[in-house]
Amino acid sequence: MTPTVHQTKDGSSTLYSDTFEQFYHNPNGAASESLHVFFETPGLISTLDKANSLTILEIGFGTGLNFLLLLDILKQKKLNIPVEFWSIEAFPVDRATASGFDFKKHLNHPELNDMLPGIFDGIQPGLNEIQPLKDMDVTLHLFYGRFGDFSPQNLQADFIFHDPFSPEVNEELWTADTFTKLASYSSNQAVLATYCAASKARGAMCASGWKVARSQGALGKREMTVASLSPKMLKNFKRVNEERLAGRYQSGDFD
Ligand SMILES: C[S@@+](CC[C@H](N)C(=O)[O-])C[C@H]1O[C@@H](n2cnc3c(N)ncnc32)[C@H](O)[C@@H]1O
């Protein structure tokens, strides 16, 4: 069944999936949550000024909100660096649904909102290469398919937006195998961010070699998670006990 569009409390859109029985974002604010979890907490906005290029890998393209927010930030900062935005989506919505998305209130360049229906209209199963803006060096590599079938060559992400549905309903995207695969697509300094703070998810990250830390969650949620292969990228965060969590995950303590 096609997901339905809803408005969240900060005025930005989200979707509700009957299949997963979940909203795509926090109903208190889709754009506010995304900005906090993926742009502010992992330090993406603050590193942009020094960056010569940027590669992002997102798990779950959903509404395309994170891609839109990134374009808006780049435009606002007048930054024209090469940007590769990889995203994976097994169940993309159709053009008509995407026409209902409204993120304008949260964009400095609200006209960007108009590009979304066109992105969803044209995509085909497999890898789609989209250059949405003539005046910016940005490529959207949108993989229409399941994460398990995604096997890019030479992907070295600087930031990972880990944004599946919750572990209870989207279990395959929260396993140690998934985080091992994500590590193989990451640069050594990469920072992975997710809204999720579940011990089992953190245990899966620890069991696959990620250093893991907690941070303040978005919109009243107590915690979220950041992770990196390099401990020095987490120096401003409170780390979990990786050895202990990995051991608990491997012995099935969280099942
Ligand atoms: C929480 S939503 C993503 C929200 C999105 N980042 C946004 O800002 O709108 C999770 C997404 O993961 C997708 N998904 C779920 N399981 C998947 C899988 N195995 N492979 C690829 N995508 C999957 C869903 O279709 C959904 O669009």
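Residues numbered from 1 in each chain as written. Predicted model: local features only at pLDDT ≥ 70, side-chain atom pairs only at ≥ 80, totals over all residues.

Observations regarding helix H6 (residues 176-184)
Helical geometry: 3.6 residues make up each α-helical turn, so side chains three or four residues apart lie on a common side.
Then, number 1: Listing the buried residues of H6 in full gives Thr 178, Phe 179 and Leu 182. Along the axis of H6, the buried positions cluster into a sector of 95 degrees, meaning they face one direction only. The exposed set on the far side of H6, more than 90 degrees from its buried face, consists of Asp 177 and Ser 184.
Then, number 2: Against strand S8 (157-162), strand S9 (186-194) and helix H7 (199-207) lie the buried residues of H6. (Buried ≥ 20, exposed ≤ 12 C-beta atoms within 10 Å, placed from the backbone. Helix = DSSP H or I, 4+ residues; strand = E, 2+ residues; numbered from the N terminus. Arc of directions from axis to C-beta. Contact = placed C-beta atoms within 7 Å.)

Regarding the packing of H7 against helix H8 (residues 242-250)
Then, number 1: Direction vectors running N to C along H7 and H8 enclose 105 degrees, while the axes themselves pass 7 Å from each other. Taken together, the axes of H7 and H8 lie roughly perpendicular to each other. Where H7 abuts H8, its residues Ser 199, Lys 200, Arg 202, Gly 203, Ala 204, Cys 206 and Ala 207 lie against Glu 242, Leu 245, Ala 246, Arg 248, Tyr 249 and Gln 250.
Then, number 2: For the contact of H7 with H8, the class distribution of residues is six nonpolar, three polar and four charged. (Axes fitted to C-alpha atoms, helices over the stretch in contact; angles between N-to-C directions. Parallel < 35°, antiparallel > 145°, perpendicular 65-115°, else oblique. Nonpolar A, V, L, I, M, F, W, Y, C, P; charged D, E, K, R; others polar.)

A few points about the site of the ligand
Then, number 1: Taken together, 19 residues sit near the ligand, with Gly 60, Gly 62, Thr 63, Leu 65 and Ala 90 positioned nearest.
Then, number 2: Put simply, the parts of the chain that give the shell around the ligand at least two residues each are helix H3 (65-76) and strand S5 (83-89).
Then, number 3: Here the residues of the shell around the ligand are counted per class, giving nine nonpolar, six polar and four charged. (Near = placed C-beta within 6 Å.)

Observations regarding the sheet that holds strand S12 (residues 238-239)
Then, number 1: Sheet architecture is open: nine strands sit in the order S6-S7-S5-S4-S8-S9-S11-S10-S12, paired in mixed fashion. Edge positions in the sheet fall to strand S6 (126-130) and S12, since each has one partner strand and no second.
Then, number 2: The pairing of S6 with strand S7 (residues 138-144) spans five bridges and is classified as antiparallel. Within S7, the residue paired with Asn 128 across the bridge is Leu 142. (Pairing = 2+ DSSP bridges.)

Considerations on the nonpolar core
Then, number 1: Core analysis: the biggest nonpolar cluster contains 68 residues, and Ile 56, Phe 85, Phe 159, Ile 160, Leu 192, Met 205 and Cys 206 have the highest contact counts within it.
Then, number 2: Element by element, the count of residues in this core is highest for H3, at seven residues.
Then, number 3: In contact with Met 205, other than residues within four places in its own chain, are Phe 179, Trp 210, Val 212 and Ala 227. (Core = buried A, V, L, I, M, F, W, Y, C linked by C-beta atoms within 7 Å.)

Topic: unusual backbone geometry
Then, number 1: One non-glycine residue, Lys 78, lies in positive phi territory at about 50 degrees.
Then, number 2: Its place among the elements puts Lys 78 in the loop between H3 and S5.
Then, number 3: Lys 78 sits in the exposed class, given 6 other C-beta atoms within 10 Å.
Then, number 4: A positive phi angle, near 50 degrees, is found at Leu 219, a position not held by glycine.
Then, number 5: The residue Leu 219 is located in the loop between strand S10 (211-216) and strand S11 (223-228) in this model.

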